[in-house]
Amino acid sequence: MYKNNSFLGLIGLLLFFIYTPSSFAQTDWLIDNSSYKSEVEQNGDQLILTNGLIQRVIKISPNAATIKLDNLYSGESFLRGVKPEGEIQINGITYEIGGLKGQPNYAFLKEEWIPELTNNPAAMQFVDYEISEPEMPFDWARIRYGDENAEWPPKGKHLRLDFQLPEAQNLLASESPLPSFLGRNVIYQSDFKSLDPEWTRHQSKSHPRSSFENEGKMGEIYTLQNSTVYIEKELNPSSKIIEATFNTGTDKAKEFGPGITLVWPEKTIKFYLRPGGNEYDQDIPMFGLWDGEKEIKAAGGRQKLDMTSPWTLRFRITDEAVLCEAKPQNGEWTTIEKLPVFSSYPEKVRIGKTNGKGNGEDAQEVGELVRLQVIDFATYGGLDDQIENGLKPEDLIVSVHYEIYDGIPVMGKWLTVKNNSNSTFTINDFTSEIIAAVEYESKVEMRESTVFQKPNIHVETDMAFASMSADDANAHVVHWEPDPEFQTQVNYLRQNPALLKVSPTYGPEYDLKAGEEFKSFRTFVLPHDSYERERKGLALRKLYQTLAPWSSENPLMMHARFADWEQVKLAIDQASEVGFEMVILTFGSGFNIEDDSEEYIAKMKSYAEYAKSKGVEIGGYSLLASRKISPEDDVVMPEGKRPTFGNSPCLESEWGHEYFRKLYNFYEKSGFTLLEHDGSYPGDICISENHPGHKGLADSRWNQYQRISDFYKWSREKGIYLNIPDFYFMTGGSKIAMGYREVNWSLPRNEQLVHARQNIFDGTWEKTSTMGWMFVPLTEYHGGGAAATIEPLNEHLAHYQNMISSNLGAGVQACYRGPRLFDTEETKIMVKSMVDWYKDHREVLEGNIIHLKRATGHDLDYWLNVNPQGNEKGMLMVYNPTDQLIIKKIKVPLYYTGLTDATQVTMSNGQEMNMQLARDYSVEVEVTVPANGDAWVLFK
């Protein structure tokens, strides 16, 4: 067969440009983002935020709501439905912030539907907007080497939308499920501390332990799973809301699940929980309903409920319908089913376990003993216009803030609340971002192994902690949930996590005084333009380079093992001689930042002055969490929970306040410019009501986080470098661990090398090289003996050099922990030459890593450092972990270096050449790598 090679080549070239990101726009923003400028414009009743990479379109009439969220670079739309711009709970009442109603299908959003969407008069109403420039949330003192071109604050545009409360009559007249107490008088209420005499008990005869009172605890039902235990009382005919709260405990019943039964002489209606699901959905918790004539085994549709926490059920009786509604603990009311208006009022109510029709007969197969709880019961009257609900529209302004940044497909968002009244009110909870996102995938079934991928959007906040991973560190505020309005999704239980809600798990329970303003955390949303791992990682790294640019600071650090003057002086002198930039008085050294005596601070000041005279910074280590202080000062956890690190002080205890006073004092007076803050605040909650800085559980996390993040922001303003093994970058953190297992440093030296390069390779997918520290144990660490130890340094010089090369060859700094950096002149020359080489090529080495071949221990491993804005565009680092010389050709992809046609190549052996790039932006180079050594190739 005849083959036209030139034709095939043309087709190949065409396919390359089709699938290469740079074809989507004039320039690839990951190589040159200088042309992508932010703007906010009004077009009719729409505000358009765009920078050429993404756009968010907000319709501002008849209320404000996002109607588009697009990645312009890829052409992909990320929004499938219109939601409120946020939610806020004030004095127990939850208000939607803006939003539009009436979308008929939440699988997609058609243009012709948008003009037909209507305002929810019960939501907060849009009143005004303002466009301005971004303002920095805190200052960044640039006192050391870092990205000199980084803008702070980042360039872009800021949009503020102002909302005010709805009129009280509009709120009460709405169809939205409101808190039961709002606009209503309580008719009856019980938390079952005891049982009022008007209740009668029904307790199954199937087991002698069957009871509504177990072990002295009223409301705790102990009985066989498919038996009946309930209480019953007459209903006041003025009751318009009838509600009860249940904890299903160990109960896995289906039709015998706990609930509320309304009783007439001739019929019953039962609304209840089915923790055991139904015969179609075994052990999948759902709602159930007996409507007086038929059983609805999956009330509200097939779905999967989380019954690990209590649920409150209620009947809400209106002139138009009877609504069966439910809410999870700390959640919002949702209408599950609607029933026709009652022809007559029920005479009685039953609370607890009944059979499927709400009656007292047991099943033939009663099952095993279970324990569950009826927590409370209440009835409320009809709406009463005379009841004062506390807030008027003019009493507060809730502002929704948006930022769009030049050159990156990222938007920031947060809320502020201004109290214009003369009284204090409480912000119980808020949701600062809601996005009905396009689902990542569609899975029909829910099985034990089913794990849904989240939508292709990265979301994080500046309230992150307890992890070295952004996703894990934000899991307590960034929630991907099923969307109850997405009725047409493929998954039959409607569990696709395609609804983003950014909201704190606890609190803030913040008391906002008259004339003051509350500010939420900031949320950052990055809709990806690709599903490819490297490109997604580069986008995320660009986010940090733009929004946390202090993370580009990357000083060479020595961890001095001892804090006495002679050894500290030795460490400073050696660091200065070989070009290291920082000495840290490490853990176990004897350094004590909590000693705030004048003598100790004066001593530390003398250390800092000497270090400065040698061109070296100095800092120290402090452990915060993972230790006990005292029963009065430690966090008091709710039953069944324990602190993240086993022990922890509460930052809002008296000790916590004193600890931070000492930190501020030390850094104001000592001249130290680094804090290694180990065991930073991991988000532990505290139920103590005796700590001066918080009221109880609900505000404990919020207040503790404000305490520590305020200190970190202050540190960034003062130029204090922050090593924190938790994800605090957005509040000023400089560096976290790259990610390694500490006990691996007790392995034999050659194994440590392979692990080190694996850790760097794995840790830099979503972190820049400058964001993560590695470790070099100059002395024994976690055991391993002589085989694992570098000291004496001159006896293991090759390994020492390989460890330095593995780190600096990726632009990564390590904790060189020991009493000295060199022990002989030969060792000193090696260390200094490696540092000099690193500083000669620092810009490209601290660029982004392109991941090429992960270390295996039996062949070459390598990565490419790129810096498209530099003169040195790329540096290929190649490592040989074997005992044999390896000569090998490597295909090097140079797309992200910004090189397009040709490159000047310099090899580590001194060889130079010019090379043409192939059509896929690659070159092929032959490298010669010595046994247990390395080589590099520089591209200009």
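Residues numbered from 1 in each chain as written. Predicted model: local features only at pLDDT ≥ 70, side-chain atom pairs only at ≥ 80, totals over all residues. Heavy atoms only, no water.

Caption draft 1: Just the overall build of the protein, in detail. Helix and strand counts for the protein come out as twelve helices and 53 strands. Relative to its length of 940 residues, the protein is compact, with a C-alpha radius of gyration of 32 Å against a globular reference of 30 Å. For the protein, the spread of C-alpha atoms along the principal axes amounts to about 100 × 80 × 60 Å. Across the 940 residues of the protein, 59% fall into the buried class. Considering only contacts in the protein between residues 6 or more positions apart, those separated by 24 or more positions represent 69%. Accessible area of the protein: about 38,100 Å², with a carbon and sulfur share of 46%. For the protein, the separation between the mean place of its 94 positive charges and that of its 134 negative charges on side chains is 2 Å. (Helix = DSSP H or I, 4+ residues; strand = E, 2+ residues; numbered from the N terminus. Rg over C-alpha atoms; globule rule 2.2 N^0.38 Å. Buried < 20%, exposed > 50% of the residue type's maximum accessible area, 1.4 Å probe, protein only. Contact = heavy atoms within 4.5 Å. Areas by Shrake-Rupley, 256 points an atom, 1.4 Å probe, with all protein chains shown as cover. Lys, Arg positive; Asp, Glu negative; His and termini not counted. Charge placed at Lys NZ, Arg CZ, Asp CG, Glu CD.)

Caption draft 2: Molecular detail of the pattern of salt bridges. Here the structure, examined in full by the defined rule, presents 54 salt bridges. A salt bridge links arginine 160 to glutamate 130, with the nearest nitrogen and oxygen atoms 3.0 Å apart. Residue arginine 160 is found in strand E12 (residues 156-164), and its partner glutamate 130 is found in strand E11 (residues 125-132); the two are separated by 30 residues along the sequence. Within the structure, one salt-bridge network assembled from shared partners comprises Arg56, Glu85, Lys413 and Glu433. (Salt bridge = Lys/Arg side-chain N within 4 Å of Asp/Glu carboxyl O.)

Caption draft 3: Representation of the pairing of strand E4 (residues 65-71) within the structure. Counting buried positions along E4 yields six of seven residues, so the element is predominantly enclosed. Looking at chain direction, strand E3 (residues 54-59) and E4 are connected through six bridges and run antiparallel. Its bridge partner being in E4, valine 57 is matched across the sheet by lysine 68. The antiparallel pairing of E3 with E4 creates a hairpin that spans five residues between the two strands. Direction of pairing for E4 relative to strand E5 (residues 76-77): antiparallel, over a ladder of two bridges. When the bridges of E5 are listed, asparagine 71 appears paired with glutamate 76. Here E4 folds back onto E5 in antiparallel fashion, the turn holding four residues, of which glycine 75 has a positive phi close to 80°. (Pairing = 2+ DSSP bridges.)

Caption draft 4: Focus on the environment of isoleucine 97. Positionally, isoleucine 97 belongs in strand E8 (residues 93-97). Among the residues examined, isoleucine 97 registers a relative accessible area of 0% and is labelled buried. The residues contacting isoleucine 97, other than those within four sequence positions of it, are Pro84, Glu85, Gly86, Glu87, Ile88, Met124, Phe163, Val398, Val400 and Leu415.

Caption draft 5: Structural view of helix H11 (residues 825-840). With 16 residues, H11 should cover 22 Å at 1.5 Å per step; its first-to-last C-alpha distance of 22 Å lies within 8% of that length. Every buried residue of H11 is listed here: Thr827, Lys828, Met830, Val831, Met834, Val835, Trp837 and Tyr838. Contact partners of the buried residues in H11: helix H5 (565-578), helix H10 (797-808), helix H12 (842-845), strand E48 (874-880) and strand E53 (933-939). (Expected span 1.5 Å × (residues − 1).)

Caption draft 6: Inspection of the packing of H10 against H11 at higher detail. At a minimum axis separation of 11 Å, H10 and H11 run at an interaxial angle of 15°. Between H10 and H11, the crossing angle belongs to the class labelled roughly parallel. For the element pair H10 and H11, the recorded crossing hand is right-handed. Contacts from Leu797, Tyr800, Gln801, Ile804, Ser805 and Leu808 of H10 reach H11 at Glu826, Thr827, Met830, Val831, Met834, Val835, Trp837 and Tyr838. Here the contact of H10 with H11 is built from residues that sort into ten nonpolar, three polar and one charged. (Axes fitted to C-alpha atoms, helices over the stretch in contact; angles between N-to-C directions. Parallel < 35°, antiparallel > 145°, perpendicular 65-115°, else oblique. Left-handed = near helix turned anticlockwise from the far one by under 90°. Nonpolar A, V, L, I, M, F, W, Y, C, P; charged D, E, K, R; others polar.)

The values are spatial; any link to function lies outside them.
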